[in-house]
Amino acid sequence: MVQAPARVAWQRAAVATAAAPTAPSVLALPAAASPTAAAGPTPVAEPEAGATASPTDPDAVLDAVLSVVADRTGYPVEMIEPELDLEADLSVDSIKRAEIAGELAVRLGLPLDASGELDGLSTARTAAGITGLLVERLTGTGDTPPEAEAAAESAAADDGSPAESTAEAEILAPQRLEFTEEPLADVTGTMTAGSAVLVLGGGELAPVLADRLRAAGASPTLVPAGELPTATADAVVLLDTLDAQQPPLPDALPLFQAALAGAPGTVVAVERRTEGAASGLRGFFRSVAREYPDLKATLVEVAADATADAVSDAVVTELAATEREPVVLTDGGRRRALRLTPTDLGALAATGAGPAGEGQSEAEAAGLDRESVVLLVGGARGITARFARTIASASRCRVELMGRTPVPAPSEDPATAGATDRAGLRSAFLASGLTSPAEVERLVGAVLAEREVRATVDALRALGSEVRYHCVDVLDTEAVRATVKDIYAEHGRLDGVVYAAGVIEDKLLAEKTTESFGRVFSTKVDGARAVLDAVDVLPRGPRFAVLFGSIAAALGNRGQCDYAAANDALEELGRRWSTDERRGLTVHWGPWAAAETNGGMVTPALMRSYAARGIKLIDPDEGPLSLLRELAWGAPEVHAAVYTASGW
């Protein structure tokens, strides 16, 4: 590590560099991308006489990384080892790493990418890994031009201080949008003569497509199902997704990764539109398109009864097309794209909240009253807890909550009760003699989770609702079935279900593992399926089931191909569950402003960053009311909607 004088000199350079203003990257939609930090660096002392340091010196950069991580986590610098896993041991997830990356980039004078972060930096999971990437960028051996080093060096003589961002987050009632089909122009071009095309899988269809490609002037190479491509090509066609007996993800992840590793210009996958297939490929391809901006990645959905010739024609057409459409629907030669279109629920929905705007008329229209029973899975924390409070306030209905957090004790241990936030809890556990950040984080997380569950239960009871909390793992189908059965036995009815369970393990597609993808995908999809299957066998099942999705499914998001796919797959589960008597609805939420809880909501630091980038946030009071209106007046045949505060 560098000596103190050198460290101070480097920090002076970092502070001076951070003084230079940069234009925010304004996004049209809040696609949940990981933003940069908005907070400025901590003031530093004057350097000792004669002290010098290079901003590209690895030791100095590591010192800076450790300093920022310490500031963000509250742990002493000496407790943060360079090889410590920031996510597993310090609860520094990809969003927090993006904040750290953004602050370091600003300090060092490195340019941010279009998403507002230093591309790739937030994927590093250790301080040593972040340091290595920074040194590469600063010395010009990575992807950042060498002039970034010069900018950092020249800042050493500047005594300026960074200006604190004065932007305030704009918090609004969410806008409602639906996917609608839009015709695409006919493809008049042709494939480039001699284009090399890899055809992956496809069975008997593969040679039919190969003949069609040769007729179009291309040079196809067939790769049998189960084999990963090793050659490079101008385009890759994945046919293994066409007639998969099971949803292709997550098992097909290595195939997609291998296809993308060859840096083709175009990737096309084909899927039949078969009822009940919850593949999640739409959300997956939307995320691929965001992670690979120079790639033309398209999921082609063909009719369920499309012939081999029809499928081949559709593939060749998309290979020749010039639009960068992540999802194309085609049958009979007609090509359509899916567009998010603002839609409303009519005049009654706009005025039906009553003078107080607290949702009583919506609850009544949705059939919710004091005798009704609503089950919220993952509903004791975050935005689902906000909805639970809203329906309790509007209807006094009986609420059953299901989550992974252990059932909390009636009151908290006095040893931690005085610590009001995460930082205070860390300090309390450190003061008790604990020296392992991983153990401290585990205990802090457990205390905060129990506090949130306890607060939600207390709030619901204060609003006049009967409430019970059940600790259940949604992937334990027997436990889910038993809990649903118990709820029905207790009340003799179950009127509605809200499913919001999920996990996030953000990482760029090329770095994801099948196991991690599977955890994210199964918690959403298999968990939702388990709950829907459990309520299906009740003598009197619910009238509605709301599945909480994400804007990532509708727009795609870098680092979230698994999360986007999982939330996209919810749509088909809800559609399949629906009948004339009940409605399955997936709501893809944009980011919510922070309230008293942060589960599913952005942190205050992210709120500042979103504000600087022009991204609006959902009002945590208006969000639940919008869902009540949807349940009250939404068309039964609509099975997916997007609610977000930002315009286009």
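This text gives an overview of the structure that appears in the document. (Residues numbered from 1 in each chain as written. Predicted model: local features only at pLDDT ≥ 70, side-chain atom pairs only at ≥ 80, totals over all residues. Heavy atoms only, no water.)

1. Things to note about the overall build of the protein chain
Logical step 1: The helix and strand tally for the protein chain stands at 22 helices and 17 strands.
Logical step 2: Across the 648 residues of the protein chain, 54% fall into the buried class.
Logical step 3: Nonlocal contacts in the protein chain, meaning residues at least 24 apart in sequence, comprise 80% of its contacts between residues at least 6 apart.
Logical step 4: Of the roughly 26,300 Å² of accessible surface on the protein chain, 52% is carried by carbon and sulfur atoms. (Helix = DSSP H or I, 4+ residues; strand = E, 2+ residues; numbered from the N terminus. Buried < 20%, exposed > 50% of the residue type's maximum accessible area, 1.4 Å probe, protein only. Contact = heavy atoms within 4.5 Å. Areas by Shrake-Rupley, 256 points an atom, 1.4 Å probe, with all protein chains shown as cover.)

2. Thoughts on the pairing of strand 10 (residues 373–377)
Logical step 1: Burial analysis of strand 10 places 5 of its 5 residues in the buried class, which makes it a mostly covered element.
Logical step 2: Side chains Val373, Leu375 and Val377 of strand 10 all project onto a buried face; the interleaved residues Val374 and Leu376 project onto the opposite face, where all are buried too.
Logical step 3: Sheet analysis places strand 10 next to strand 13 (residues 496–499), joined by 4 bridges and oriented parallel. When the sheet's bridge partners are listed, Leu375 is paired in strand 13 with Val497. (Pairing = 2+ DSSP bridges.)

3. Observations regarding the pairing of strand 9 (residues 334–342)
Logical step 1: In terms of strand pairing, strand 2 (residues 175–183) meets strand 9 through 7 bridges, oriented antiparallel. Paired with Glu178 across the two strands is Thr341, which belongs to strand 9.
Logical step 2: Alignment of strand 8 (residues 327–331) against strand 9, held across 4 bridges, turns out to be antiparallel. Opposite Val328, over in strand 9, you have Ala337 as the bridge partner.
Logical step 3: Linking strand 8 back to strand 9 in an antiparallel pair, the connection comprises 2 residues, with Gly332 at a positive phi of about 60 degrees.

4. Overview of unusual backbone geometry
Logical step 1: With an omega of 10 degrees, the peptide bond between Leu249 and Pro250 qualifies as cis.
Logical step 2: Residue placement: Pro250 occurs in the loop between strand 5 (235–238) and helix 8 (253–261).
Logical step 3: Within the chain, Ala263 stands out as a residue other than glycine whose phi angle is a positive 55 degrees.
Logical step 4: Tracing the chain through its elements places Ala263 in the loop between helix 8 and strand 6 (266–272).

5. What to know about the side chain of Asp619
Logical step 1: Within the secondary structure, Asp619 sits in the loop between strand 16 (617–618) and helix 22 (622–633).
Logical step 2: Buried charge without a salt bridge: Asp619, with Arg386 as the nearest opposite-charge side chain at an N-O distance of 5.9 Å.
Logical step 3: Here Asp621 takes part through its backbone nitrogen, which lies 2.7 Å from a polar atom of the side chain of Asp619.
Logical step 4: Other than its neighbours up to four places away in sequence, Asp619 contacts Ile171, Leu172, Ala173 and Trp592. (Lys, Arg positive; Asp, Glu negative; His and termini not counted. Salt bridge = Lys/Arg side-chain N within 4 Å of Asp/Glu carboxyl O. Polar contact = N/O pair within 3.5 Å; in protein donor to acceptor, adjacent residues only side chain to side chain.)

6. Structural notes on the packing of helix 18 (residues 514–536) against helix 20 (residues 561–577)
Logical step 1: The N-to-C vectors of helix 18 and helix 20 enclose an angle of 15 degrees; their axes lie 8 Å apart at closest approach. One element, helix 18, and the other, helix 20, form an angle in the roughly parallel class. By crossing handedness, the relation of helix 18 to helix 20 is classed as right-handed. On helix 20, the residues touching Ser516, Phe517, Val520, Phe521, Lys524, Val525, Ala528, Arg529, Leu532, Val535 and Asp536 of helix 18 are Cys561, Asp562, Tyr563, Ala565, Ala566, Asn567, Ala569, Leu570, Leu573, Arg576 and Trp577.
Logical step 2: Its residues placed into classes, the contact of helix 18 with helix 20 shows 15 nonpolar, 2 polar and 5 charged. (Axes fitted to C-alpha atoms, helices over the stretch in contact; angles between N-to-C directions. Parallel < 35°, antiparallel > 145°, perpendicular 65-115°, else oblique. Left-handed = near helix turned anticlockwise from the far one by under 90°. Nonpolar A, V, L, I, M, F, W, Y, C, P; charged D, E, K, R; others polar.)

7. Re helix 18
Logical step 1: The end-to-end C-alpha distance of helix 18 is 31 Å, a good match for the 33 Å that 23 residues give at a rise of 1.5 Å each.
Logical step 2: The largest bend along helix 18 measures about 40 degrees and falls at Ser522. (Expected span 1.5 Å × (residues − 1). Bend = angle between axes of the 7 residues up to and from the residue.)

8. Points about the packing of aromatic side chains
Logical step 1: Under the counting rule described, the total for this entry stands at 8 aromatic pairs.
Logical step 2: A ring pair is formed by Phe548 and Trp589, whose centres lie 5.6 Å apart and whose planes are at 75 degrees; its orientation type is edge-to-face. Of the two residues, Phe548 is situated in strand 14 (residues 544–550) and Trp589 in strand 15 (residues 583–589); the sequence distance between them amounts to 41 residues. Trp589 matches Phe548 in its accessibility class, with the two residues each being buried.
Logical step 3: Feature note: the residues Phe256, Phe284, Phe285, Phe517 and Phe521 constitute an aromatic cluster, connected by ring pairs.
Logical step 4: The lysine or arginine in question, Arg582, covers the ring of Trp577, its NZ or CZ lying 4.1 Å from the ring centre. (Phe/Tyr/Trp six-rings, centres within 6.5 Å; stacked < 30°, edge-to-face > 60°. Lys NZ or Arg CZ within 6 Å of the ring centre and 35° of its normal.)

9. Brief notes about helix 8
Logical step 1: Taken across its 9 residues, helix 8 has 7 buried, putting it largely inside the fold.
Logical step 2: Listed as buried for helix 8 are Leu253, Leu255, Phe256, Gln257, Ala258, Ala259 and Leu260.
Logical step 3: Looking at the buried side of helix 8, the elements it contacts are strand 3 (196–200), strand 5, strand 6, helix 9 (281–291) and helix 18.
Logical step 4: Once helix 8 ends, the next one or two residues include Ala263, with phi positive near 55 degrees.

10. Some words on the environment of Gly541
Logical step 1: Mapped onto the elements, Gly541 comes out in the loop between helix 18 and strand 14.
Logical step 2: With residues up to four places along the chain from it excluded, the contact list for Gly541 reads Leu494 and Val535.

11. Concerning the pattern of salt bridges
Logical step 1: A full pass over the atoms with the stated rule returns 34 salt bridges.
Logical step 2: Residues Arg386 and Asp621 are paired through a salt bridge, measuring 2.4 Å at the closest nitrogen-oxygen approach. Note that Arg386 is positioned in helix 13 (residues 382–395) and Asp621 in the loop between strand 16 and helix 22, a separation of 235 residues in sequence.
Logical step 3: Among the salt bridges present, the one from Glu441 reaches Arg426, with a minimum N-O distance of 2.6 Å. On the criterion of sequence distance, the pair formed by Glu441 in helix 16 (residues 437–462) and Arg426 in helix 15 (residues 422–431) is long-range, its members being 15 residues apart. Neither Glu441 nor Arg426 differs from the other in exposure class; each is buried.
Logical step 4: If you follow the salt bridges from partner to partner, you end up with Glu181, Arg273, Asp331, Arg334 and Arg336 in one network.

12. Quick word on the packing of helix 13 against helix 16
Logical step 1: Relative to each other, helix 13 and helix 16 sit at 10 degrees, their axes nearing to 10 Å. The angle between the axes of helix 13 and helix 16 places the two elements in the roughly parallel class. Contacts between helix 13 and helix 16 pair Gly382, Ala385, Ala388, Arg389 and Ala392 from the former with Glu452, Ala455, Thr456, Ala459 and Leu460 from the latter.

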